[in-house]
Amino acid sequence: MTDNEPIFDVAQLSHVELFTPKMDESLWFFKELLGLQESSRDGKSVYLRGYEESYHHSLKLTERDQPGMAQMGWRASSKLALDRRVSQIEKLGAGIGWVDTEAGYGPAYEYRTPDGHIQRIFWEVERATIPDSLKTPLINRPQKRPLSGVPVRRLDHVNLMCSDVGPMRRFYQEAMGTRLRETIIAGGGEVEVAAWMSHNNLVHDVAMMRDESGVKGRLHHVAFWYGYPQHLSDAADVFREHNIQIEAGPGKHGITQAAFLYCFEPGGNRVELFGDAGYLIFEPDWKPVVWEEKDLEAGIIWHGSQLPQEFFMVGTPPVPANE
Ligand SMILES: [Fe+2]
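Residues numbered from 1 in each chain as written. Predicted model: local features only at pLDDT ≥ 70, side-chain atom pairs only at ≥ 80, totals over all residues. Heavy atoms only, no water.

Under the convention used in this document: UniProt positions are given in the numbering used here, feature names are shortened, and annotations may be inferred rather than shown by experiment.
The protein has the name Metapyrocatechase in an unreviewed UniProt entry, where Sulfitobacter pacificus is given as its organism. For the protein, the Sequence similarities (unreviewed entry) comment in UniProt is given as "Belongs to the extradiol ring-cleavage dioxygenase family."

Right under this line is the structure:
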């Protein structure tokens, strides 16, 4: 945890690329049930965005034999901010190199977290092309709200499983200036079990939790935002009707105060629907909230259904059977 001058070089979580072994079914889930809009296709990939998102895409689905996360991308605050972060990533020895062939954004620097999750950071973005038929008189909204399913408004955050939370948390702080908002520390103050971090006023735009399987670099969940907690009940109603596996919720976490609904999309990745923003943080000298084991009953579930034990074990890709 650093006391250095705050860094505001990373503006926002911009996109996530998920692998799916069931492209048609995953597409149906994200388009018909969550109302994502298709921007374009390329080979085995489809690019999607929420109706309040103006960039080309926030979700890229790519067909692969196993579910999991291919990469996630951050938009820098400026071209100079991008240059500063790339230089710092290289200093930390985490760099992979530049990618300039992707739809939706300009040159992106690819790097690796200590646990192996692939990340990208870039400045230039391509805006979505909205057909005239979808334009709305609500001119601060990029397009009309879709009439399909219970449409999400935007991508919110990603939760990464990792073999060791401490090095991951430190890496985000040192590489990206990410601020620690809340944390669970067990073992009498010795073991970091989970961390919720952000680059802006959100209580988290990235979270990380310890993977008890010991496997590195897995995804726990991707979350999309409603802003209306009652939509979680509507979504649960629709999911039940269409055989989408609901894992937990609707409920509210104490940690981050998030109104949540967890389900599995047909390709096997866990998806969270986020009912509101939890709470927002404006204090520049925010002191991270530390949850200890004695506090966790209120922390994990403030109200609503309990989380099944699998919630803490299951991630994507699945753990190979022989491990
Ligand atoms: Fe979450």
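Having seen the model, we can carry on.
Overview of the overall build of the protein
Stated formally: Helix and strand labels come from DSSP, where a helix needs a run of H or I of at least four residues and a strand needs a run of E of at least two; each type is numbered from the N terminus. Throughout, radius of gyration means the C-alpha value; the globule benchmark is 2.2 Å times the number of residues raised to the power 0.38. Between buried and exposed lies partly exposed: a residue is buried under 20% and exposed over 50% of the maximum accessible area for its type, with that area taken using a 1.4 Å probe on protein chains only.
Each helix and strand in the protein was counted, giving five helices and 18 strands. In terms of C-alpha radius of gyration, the protein reaches 19 Å, essentially the compact-globule figure of 20 Å for 323 residues. Seen through its C-alpha atoms, the protein measures out along the principal axes to roughly 55 × 45 × 45 Å. Buried residues in the protein amount to 54% of all 323 residues.

Focus on the sheet that holds strand 15 (residues 259–264)
Heads up, the rule is: Paired strands are those between which DSSP finds at least two bridges.
The strand order across the open sheet formed by 10 strands is 17-10-11-12-9-13-16-15-14-18, and the pairing between neighbours is mixed. The open sheet has two edge strands with one neighbour each: strand 17 (289–291) and strand 18 (303–304). Two strands pair when backbone bridges link them, and strand 13 (residues 219–225) and strand 16 (residues 270–274) are joined in this way by four bridges, in the parallel orientation. In the strand pairing of strand 16, A223 is matched with E272.

What about empty space enclosed by the protein?
As a reminder, the rule being used: Cavities and pockets were defined on a 1 Å grid built over protein atoms only: a cavity is a set of grid points that admits a 1.4 Å probe from which the probe cannot escape, a pocket is an open set flanked by protein on both sides within 12 Å along at least five of seven lines, and lining residues are those with an atom within 4 Å of any such point. Grid points are joined across faces, edges and corners, and a volume is the space filled by probe spheres set on the points. Three classes are used: nonpolar for Ala, Val, Leu, Ile, Met, Phe, Trp, Tyr, Cys and Pro, charged for Asp, Glu, Lys and Arg, and polar for all others, with Gly counted as polar.
Inspection of the entire model under this criterion finds one cavity of 30 Å³ or more. In this structure, the largest cavity spans a volume of roughly 40 Å³. Around the largest cavity sit S14, H15, Y55, H56, H57, G104, Y105, F122 and V125, which together line it. Here the residues of the lining of the largest cavity are counted per class, giving four nonpolar, five polar and no charged.

Thoughts on the packing of helix 2 (residues 79–91) against helix 3 (residues 165–176)
Spelled out, the test is: Axis geometry follows a simple rule: fit a line to the C-alpha atoms, using only the stretch in contact for helices, then measure angles between N-to-C directions, giving values from 0 to 180 degrees. Throughout, the term roughly parallel applies to angles under 35 degrees, roughly antiparallel to angles over 145, roughly perpendicular to angles from 65 to 115, and oblique to all others. Contacts are assigned to residue pairs that have any heavy atoms within 4.5 Å of one another.
Contact pair helix 2 / helix 3: the axes reach a minimum separation of 8 Å and the direction vectors enclose 135 degrees. With respect to each other, helix 2 and helix 3 are oriented oblique. Across from R85, Q88 and I89 in helix 2, the residues of helix 3 making contact are E174, A175 and M176. Counted by class, the contact of helix 2 with helix 3 contains three nonpolar, one polar and two charged residues.

Here's the deal with the nonpolar core
Side chains of a nonpolar character, in soluble globular proteins, are inclined to be buried together. Going by this rule: In this text, buried Ala, Val, Leu, Ile, Met, Phe, Trp, Tyr and Cys residues form a nonpolar core when linked through side-chain atoms within 4.5 Å.
Grouped together as the largest cluster of nonpolar side chains are 59 residues, with contacts concentrated most on F30, M72, I121, Y172, F224, F239 and L273. Residue contributions to this core peak at six residues, all from helix 3. Not counting the four nearest positions on each side in its chain, L273 is found in contact with L34, V152, F224, Y226, L232, F239, A259, F260, L261 and C263. Core analysis: the next-biggest nonpolar cluster, separate from the first, contains nine residues, I184, A194, W196 and I255 among them.

What about the sheet that holds strand 3 (residues 45–49)?
Spatially, 2-3-4-1-5-8-7-6 is the arrangement adopted by the eight strands of the open sheet, whose pairing is mixed. Each of the sheet's edge strands pairs with one partner strand only, and the pair in question is strand 2 (37–42) and strand 6 (95–99). The average undirected angle you get between the axes of adjacent strands in this sheet is 25 degrees. Bridge count between strand 6 and strand 7 (residues 108–112): four bridges; the pairing is antiparallel. Residue pairing across strands places G95 opposite Y111, the latter belonging to strand 7. Along the sheet, helix 1 (residues 23–33) makes contact with strand 1 (10–20), strand 2, strand 3 and strand 4 (59–63), crossing strand 4 at roughly 165 degrees.

Some thoughts on the coordination of the iron ion
We apply this condition: A donor here means an N, O or S atom no more than 2.8 Å from the metal, or no more than 3.2 Å when the metal is Na, K or Ca. Since water is not included, a site may seem to lack partners.
Coordination sphere of the iron ion, protein contribution only: H157 (NE2), H221 (NE2) and E272 (OE), at 2.0 to 2.1 Å. Expressed as a motif, the donor residue spacing for the iron ion is H-x63-H-x50-E. Note that H157 is positioned in strand 9 (residues 154–162) and E272 in strand 16, a separation of 115 residues in sequence. Neither H157 nor E272 differs from the other in exposure class; each is buried.

Concerning the pairing of strand 3
Summarising burial for strand 3: five of the five residues are buried, a large majority. Going residue by residue along strand 3, you find S45, Y47 and R49 tucked away on one face and V46 and L48 tucked away on the opposite face as well. In textbook terms, the turn of a hairpin is the stretch between consecutive antiparallel strands, and for strand 2 and strand 3 this stretch comprises two residues, one of which, G43, has a positive phi near 60 degrees. Summarising the sheet, strand 3 and strand 4 pair through four bridges and their orientation is antiparallel. By the bridge assignment for strand 4, S45 is matched with T62.

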